[in-house]
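Results of the structural survey
Below are the chains, spelled out letter by letter.
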Amino acid sequence: MTTSYNICISESAKTTHNVFIVSGHVSKPVSNIDNMGAKSYSGIFEYQFNDAIVRYFENERYHVPDIQYHAILASKNMGLRERVEYANEITPDLYIEIHHDSAQADDIKKASQAGENSPLWNEMSGFSVHYSENNLFPEKSRIFANIFADEMLKDGFKPNIYHVDKEGMICVDREIGIYNRISPWGLYVLNNMKSPSVVIECGTIINPHEEILLSLDDTRIKIVNAINSAINRFFELK
Ligand SMILES: [Zn+2]
């Protein structure tokens, strides 16, 4: 009995990877450092879009074999620091935080005044992936970011370059929407997680056309599948 138990442990230790998939923000403010996130064009808080993606990972149907998922919804109301502390206790092989994007108030106002069909909305659109050189595993984080962006592009999603063109963030590859979040654009989670980590902005919910697309199950499943394909490819590299 003891022998077979030991064999079982060593086999699973060889193949199982822990992945945290965490919904950005909280469903009610728990401290002054976290909130319900951006508002969509129609006025829905971002955390609801984030939870809609993360909820898929609570379902085994959306699990890559040999990956142990830890899905944390915003509706669990774990604050930012609490989430990071909790995740660091497990120290996953990969930490993914899910967000949906917005833009600066001035640009939103201008585009809103110009109407839903204004080309100004094109500037505020698309997905992006954020890693940090200040994370303990910058290379691995960037590798995952690259693979995920590749999967999204294959599915027809477009990269968001608003943050570099309008805000001056460091975009390491504008063709694929990958940002390096160092000061003054640092993110607490990327700086403090002791695992390869990325923040994914699945799309831009302040854009009226994109909000509709990001509300569809079909689009959400495509994003979930892109995350899973990227997880699969990432761990195959090791
Ligand atoms: Zn967010």
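Computed from a predicted structure; not experimentally measured.

Here is what the cut-offs are and how they apply
- Residues numbered from 1 in each chain as written.
- Predicted model: local features only at pLDDT ≥ 70, side-chain atom pairs only at ≥ 80, totals over all residues.
- Heavy atoms only, no water.
- Helix = DSSP H or I, 4+ residues; strand = E, 2+ residues; numbered from the N terminus.
- Buried < 20%, exposed > 50% of the residue type's maximum accessible area, 1.4 Å probe, protein only.
- Polar contact = N/O pair within 3.5 Å; in protein donor to acceptor, adjacent residues only side chain to side chain.
- Contact = heavy atoms within 4.5 Å.
- Donors = N, O, S within 2.8 Å, 3.2 Å for Na, K, Ca; no water.
- Tetrahedral: all angles 85-135°; square planar, octahedral: opposite > 155°, others 65-115°.
- Lys, Arg positive; Asp, Glu negative; His and termini not counted.
- Salt bridge = Lys/Arg side-chain N within 4 Å of Asp/Glu carboxyl O.
- Axes fitted to C-alpha atoms, helices over the stretch in contact; angles between N-to-C directions.
- Parallel < 35°, antiparallel > 145°, perpendicular 65-115°, else oblique.
- Left-handed = near helix turned anticlockwise from the far one by under 90°.
- Nonpolar A, V, L, I, M, F, W, Y, C, P; charged D, E, K, R; others polar.

Next up on the list: the side chain of asparagine 135. With respect to the secondary-structure elements, asparagine 135 resides in the loop between strand 4 (128-131) and helix 6 (138-154). Classification of asparagine 135 as buried rests on a relative accessible area of 4%. From its side chain, asparagine 135 meets the backbone oxygen of methionine 193 in a polar contact 3.2 Å long. In this structure, asparagine 135 is in contact with Ser141, Leu190, Met193, Ser195, Pro196 and Ser197, ignoring residues within four places of it in sequence.

Our focus in this paragraph is the coordination of the zinc ion. Here the zinc ion is held by the protein donor atoms His25 (NE2), Glu46 (OE), Glu46 (OE) and His99 (ND1), which lie 2.1 to 2.6 Å from it. Of note is the zinc ion, whose four donor atoms meet at the metal with angles of 54 to 144° in an arrangement that counts as irregular. Counting the intervening residues between successive donors of the zinc ion yields the motif H-x20-E-x52-H. Here the residue histidine 25 occupies a position in the loop between strand 1 (17-23) and helix 2 (46-54), and glutamate 46 occupies one in helix 2, the gap between them amounting to 21 residues. Residue histidine 25 is classed as buried on the basis of its relative accessible area of 14%.

In terms of burial, helix 2 is largely enclosed, as eight of its nine residues are buried. Among the residues of helix 2, those classed as buried are Glu46, Tyr47, Phe49, Asn50, Asp51, Ala52, Ile53 and Val54. Packed against the buried residues of helix 2 are strand 1, strand 2 (67-72), strand 3 (94-101), strand 7 (197-204), helix 9 (208-214) and helix 10 (217-237).

Turning to the side chain of aspartate 51, a few remarks are in order. With respect to the helices, strands and loops of the structure, aspartate 51 is situated in helix 2. No salt bridge is formed by the buried aspartate 51; its nearest oppositely charged neighbour, arginine 55, is found at 4.0 Å. Residue contacts for aspartate 51: discarding those within four places in its chain leaves Ser23, Leu73, Ala74 and Ser75.

Closest axis-to-axis distance for the helix 6/helix 10 pair is 9 Å, and the angle between their directions is 135°. One way to sum up the angle between helix 6 and helix 10 is to call them oblique. As helix 6 runs across helix 10, the sense of the crossing is right-handed. Together, Lys140, Ile143, Phe144, Ile147, Phe148, Asp150, Glu151, Met152 and Lys154 of helix 6 and Ile223, Ala226, Ile227, Ser229, Ala230, Ile231, Arg233, Phe234 and Leu237 of helix 10 make up the contact between the two elements. Its residues placed into classes, the contact of helix 6 with helix 10 shows 12 nonpolar, one polar and five charged.

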